[in-house]
Amino acid sequence: MSSVRKPITPKPPRQREKVLVILQEQCKQCGLCVEFCPKNVLCLDMTKYNRKGYHPVDACDIEACVNCEFCERICPDMAIFLADRDEAREAYEKGALEEGTIIPEFEAEKKEAK
Ligand code: SF4
Ligand code: SF4
């Protein structure tokens, strides 16, 4: 029996199938998604107010998102959901998103590229 250990091959980085989209103007700051996200991805942006006067939800650690959809299911205002990556990318790059819509993963990429 050989005592030589097989090299560990690192797995390629996993790409999430979908991207998180937040309609910040629709958020009512109830905090349910923040509380129920199993990966602590979400937080309230206390530096911002939406038109309704609430601090909207944002992603504080988008890299930790596992696409579980808990946030989408629990939000009473349909202000947070997962979207097809390619469709979201197209809309984001065309600037075709409604005002107050954020896609934290793409915004993080943009910041990194600067
Ligand atoms: S999809 Fe799951 S992991 Fe990602 S932000 Fe929503 S609740 Fe958190
Ligand atoms: S559950 Fe919906 S309304 Fe409540 S904080 Fe999250 S995004 Fe905003």
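For the structure given in this document, a descriptive report is provided here. (Residues numbered from 1 in each chain as written. Chains lettered and ligands numbered in written order. Predicted model: local features only at pLDDT ≥ 70, side-chain atom pairs only at ≥ 80, totals over all residues. Heavy atoms only, no water.)

This next bit is on the site of ligand 2. Around ligand 2, a shell composed of Cys27, Lys28, Cys30, Gly31, Cys33, Val57, Cys75, Pro76, Asp77, Ala79 and Ile80 is seen. Within the shell around ligand 2, the residues separate by chemical class into eight nonpolar, one polar and two charged. (Near = heavy atom within 4 Å. Nonpolar A, V, L, I, M, F, W, Y, C, P; charged D, E, K, R; others polar.)

Strands sit in the order β4-β1-β5 across an open sheet of three strands; the sheet is antiparallel. Edge strands, defined here as strands with exactly one partner in the open sheet, are β4 (80–84) and β5 (101–102). Strand direction decides the pairing type here: strand β1 (residues 18–23) and β5, joined by two bridges, are antiparallel. Its bridge partner being in β5, Ile22 is matched across the sheet by Ile102. The strands touched by helix α3 (residues 85–94) are β1 and β4; relative to β4, the strand with the most contacts, the crossing angle is about 100°. Against the sheet, helix α4 (residues 104–113) makes contact with β1 and β5, and its axis sits at roughly 100° relative to β1, the strand it touches most. (Pairing = 2+ DSSP bridges. Helix = DSSP H or I, 4+ residues; strand = E, 2+ residues; numbered from the N terminus. Contact = heavy atoms within 4.5 Å. Axes fitted to C-alpha atoms, helices over the stretch in contact; angles between N-to-C directions.)

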